[in-house]
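# Results of the structural survey
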Amino acid sequence: MDCSDNARRAGPVKETSFRGAVVKRGLLAAVLVAASVAQAARPYRGGAVATAYPQASAAALEMLEKGGNATDAAVAAAFVAAVVGPYHSGLGGGGFALVHDARSGDTKVLDFREVAPKAATRDMYLKDGKVVPGLSTDGALSVAVPGAVAGYLELLKAHGKLKPAVVLAPAIAAARKGLWVTPRYRTMAEGRLACLSRDAEASRVFLVKDAQGQWAAPPVGHVLRQPDLARTLASIAKGGAKAFYAGPVAKAIATSVQAGGGILTQEDLATYKTRGATPLEGRYRGHRILTMPPPSAGGVAVIQVLTAMEQLRPQGVPFRDAEALHLYVEAVRRAYVDRAKHLGDPAFVDVPLARLVSPGHVADLAGAIDPKKATPSASLLAPKEGVRGSTLTDEPTTLTPEPEKKNTTHISVIDKDGNAVAMTTTVNYGFGSCVVAKGTGVLLNDEMDDFAAQPGVPNAYGLVTGEPNAIAPGKVPLSSMSPTLVFAKDDSRRVMLAVGSPGGSTIPTTVIQVISNVVDHGMDVARAVNEGRVHHQYLPDEVWVDKWGLEPATLSALEAKGHKVRRVEQWGDAEAVYSDPETGLRFSASDPRNEGAALGQD
Ligand code: DON
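Each chain has its residues counted from 1, following the order in which its sequence is written. For this predicted model, a pLDDT threshold of at least 70 governs which residues receive local features, and a threshold of 80 or more governs which side-chain atom pairs are given and counted, while totals over whole chains, interfaces and linings are taken from all residues. Side-chain metrics rest on all non-hydrogen atoms present in the structure, leaving aside hydrogens and water.

### Remarks on the packing of aromatic side chains
Ring geometry is summarised as follows: Phe, Tyr and Trp rings, the Trp one being its six-membered ring, pair when their centres sit within 6.5 Å, and such pairs are stacked at plane angles under 30 degrees, edge-to-face over 60 and tilted between the two. Taken as a whole and judged by the stated rule, the model has 10 aromatic pairs. On the basis of an interplanar angle of 10° and a centroid distance of 5.8 Å, the ring pair of Tyr245 and Tyr272 is categorised as stacked. A residue pair is termed long-range when its members are at least 10 positions apart, and Tyr245 in helix H11 (residues 242–245) and Tyr272 in the loop between helix H13 (266–270) and strand E12 (275–277) qualify at 27 residues. Classification of residues uses two cut-offs on accessible area relative to the type maximum, computed with a 1.4 Å probe and protein chains only: under 20% is buried, over 50% is exposed, and between them is partly exposed. Given a relative accessible area of 7%, Tyr245 falls into the buried group. Helix and strand assignments come from DSSP, with helices taken as H or I runs of at least 4 residues and strands as E runs of at least 2, each series counted from the N terminus.

Shown next as structure tokens:
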């Protein structure tokens, strides 16, 4: 069984059908009806791209057609994404990119993630020793210093061929011309209606008044123009990053944030700096893998879990085999325990990175897995008092992914020369903080929620991080974003797969499963992206299975080993490009769980 474009054709699935439901066998019948044969990705002789928006993919393709390379294409797509998917990413956000240069064989990492403002303090989201709900996700106090504009422009300068004015042109045109509201936009705006309504500027830009005069999510088909954002983009195209980090835009950002009770200053913006890094390297069944190092925790999990799977099953894993899935879940559980114990911004804390991804350490983790039964998460690392080991109770929980509130977006490009970009970029929660800097069209992130507001207490994704991820001024909050490049088996300088996804805590497992689907199961990239997903994250102590997930017998086999299984509607939006090492043809795939498009050059 696999999911396919049919899921999209079938229209939006009722979000309530599975959310929070413990597996009920009867429900599976409905799931099976939705299953069908996946469409294969089509081959391209030139460059190929996958993004979560048709307009962003078209802009990327336009850059390739104009003689630009993978970086020009990815950056053009990222700027368009800021316009057409403001709920996912934007100028007020930040992210990570891996850029591979085919000629030199070199891969560079750019970390343009947000940092905590200088006035941030460890306990800024606590009152009477308790986390104040919403304070780190909604409104001005949740805003970290944005890095996206600096990041996109530095990528272009270091690796691109085209001028900023050319690369930004599609985004400026999209903001002027307007976008028509899609089902995804509407769902996201509805999910964040209360938050957006509290900011007058955000309401004006992203909502409409209903018949009763109340702010409402615009209807599907409504044309949303963003003239302020067009002006800001045009000034960036002309004046570079300074047009954002200094002058009237910076002033408007600081003034709007402070008016809402936030702490971001013009000085925070003026002193923002991106960071370079060495990609984190691993191997999987003969393929070299490069991924994002800390301050992302994602890459560490990707390398640890793939290494563990190869150690545990050197001959390969049968597809959806309950025994192999058990080992996978146990490996993931242990990777997320390591995350909670050790990971944070390496500029602030000592992260034992080399040890964490070393074959010896992974062998210790893998060797402690009981092949017969699930290890209770609490026995590996005791949860803080009051944090439930499992959310499988009758109580409503905030821990199940709510697609309409989550966001982030991923862009994958491999150009005709084999240059590749994997870039994941975000404003964190849906529509970020819901604060728009007056007169600029810039929607600001709520990335501060990725810190441990109180070490050991779960964040919006139910993720528990520890002391190394405590808040400090200038510090980067720990991320799950995992832009990843997989290289050809017989040529470790040639990119075979560029992949990444949104999905908060579920990002690393989405990336791991797409890689495994290609490498272990030889799937076409579209099918690899479409396949059902299985996730664990240490806490809550439960296995999440999406609606395209596992057959009843497999679920029963996992439960018989002591796993608590939660059926979750869906998560993630993998965007991937595959370059066939044998034929040199490229194939791209955009996750049918979202509204994106995979394109390429003939
Ligand atoms: O950096 C992170 O891990 C989060 N801010 C990403 C948020 C996200 O992917 C939400 N997605 N559905």
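Alright, that's what it looks like, and here's the rest.
### Overview of the packing of helix H4 (residues 70–84) against helix H5 (residues 148–159)
Angles shown run from 0 to 180 degrees and are taken between the N-to-C directions of axes, each axis being a line fitted to C-alpha atoms and, for helices, limited to the stretch in contact. Relative to each other, H4 and H5 sit at 165°, their axes nearing to 9 Å. One finds that H4 runs roughly antiparallel with respect to H5. Two packed elements cross with a definite hand, and for H4 against H5 that hand is left-handed. Contacts between H4 and H5 involve Thr71, Asp72, Val75, Ala78 and Phe79 from the former and Tyr152, Leu153, Leu155, Leu156 and His159 from the latter. Put simply, Ala, Val, Leu, Ile, Met, Phe, Trp, Tyr, Cys and Pro go in the nonpolar bin, Asp, Glu, Lys and Arg in the charged bin, and everything else, Gly too, in the polar bin. Its residues placed into classes, the contact of H4 with H5 shows seven nonpolar, two polar and one charged. Geometric relationships in this document are graded by angle, where less than 35 degrees denotes roughly parallel, more than 145 denotes roughly antiparallel, 65 to 115 denotes roughly perpendicular, and other angles denote oblique. Throughout, a crossing is termed right-handed when the near helix is turned clockwise from the far one, and left-handed when it is turned anticlockwise from it by less than a right angle. In what follows, a contact means two residues having at least one pair of non-hydrogen atoms within 4.5 Å.

### Points about a nonpolar patch on the surface
Residues Trp180, Val220 and Val223 make up a contiguous nonpolar surface patch of roughly 290 Å² in combined accessible area. Mapping Val223 onto the fold places it in strand E11 (residues 223–224). The class for Val223 is partly exposed, based on a relative accessible area of 39%. Each patch groups residues whose relative accessible area exceeds 30% and which form no salt bridge, using 9 Å between like charges and 5 Å between nonpolar side chains of Val, Leu, Ile, Met, Phe, Trp and Tyr. Per-residue accessibility takes into account occlusion by the displayed protein chains alone, with areas from the Shrake-Rupley method and a 1.4 Å probe. Salt bridges are defined by distance alone: a side-chain nitrogen of Lys or Arg within 4 Å of a carboxyl oxygen of Asp or Glu.

### Some thoughts on the pattern of salt bridges
Counted according to the given criterion, the structure contains 32 salt bridges. The partner of Glu62 in a salt bridge is Lys66, with the nearest N and O atoms 2.9 Å apart. Residue classification places Glu62 among the partly exposed positions, given a relative accessible area of 31%. A relative accessible area of 47% places Lys66 in the partly exposed class. Taken together, the salt bridges that share partners define one network made up of Asp138, Arg192, Arg198 and Asp446.

### Structural notes on the site of the ligand
Residues in contact with the ligand amount to 15 residues; listed here are only the nearest, Asn407, Glu447, Asp450, Ser479 and Ser480. Distance and chemistry together define a polar contact, namely a pair of N or O atoms within 3.5 Å, with one atom able to donate a hydrogen and the other to accept it when in protein, and with adjacent residues in sequence counting only for side-chain atoms on both sides. A distance of 3.1 Å separates an oxygen atom of the ligand from a polar atom in the backbone of Gly503. The protein chains hide 96% of the 340 Å² of surface that the ligand would expose on its own. Residues are labelled near a given molecule or strand when at least one of their non-hydrogen atoms is within 4 Å of it.

### Overview of the confidence of the model for the protein
Residues with a pLDDT of 70 or more make up 90% of the protein, whose mean pLDDT is 90. pLDDT measures the predictor's confidence residue by residue and takes values from 0 up to 100. Counted against residues more than four places away or in other chains, residues 1–38, with its pLDDT under 50, gives 77 contacts. Across residues 389–401 the pLDDT falls below 50, and counting only partners more than four positions away or on other chains, this stretch makes 34 contacts in the model.

### Topic: the sheet that holds strand E14 (residues 287–291)
Read across the open sheet, the seven strands follow the order E2-E25-E24-E20-E19-E14-E13; overall the sheet is antiparallel. Of all the strands in the sheet, the pair left with one neighbour each is strand E2 (43–44) and strand E13 (280–284). We call two strands paired when DSSP finds no fewer than two bridges between them. Taken together, the five bridges between E13 and E14 define a ladder with antiparallel strand orientation. Bridging across to E14, Glu281 finds its partner in Leu290. Sheet contacts for helix H14 (residues 298–312): E13 and E14; angle to E13, the most-contacted strand, approximately 25°. Packing of helix H19 (residues 507–519) onto the sheet brings it into contact with E13, E14, strand E19 (484–488), strand E20 (491–500) and strand E24 (575–579), and relative to E20 it is tilted by some 130°.

### Side note on the sheet that holds strand E16 (residues 420–426)
Here seven strands make up an open sheet; going across it, the order is E12-E5-E4-E16-E15-E3-E26 and the pairing antiparallel. Edge positions in the sheet fall to E12 and strand E26 (597–600), since each of these pairs with one other strand and no more. The mean inter-strand angle of the sheet, taken between neighbouring strand axes irrespective of direction, is 10°. As paired elements, strand E15 (residues 409–414) and E16 share six bridges and run antiparallel to each other. Residue pairing for E16: Val413 is matched across the bridge by Val421.

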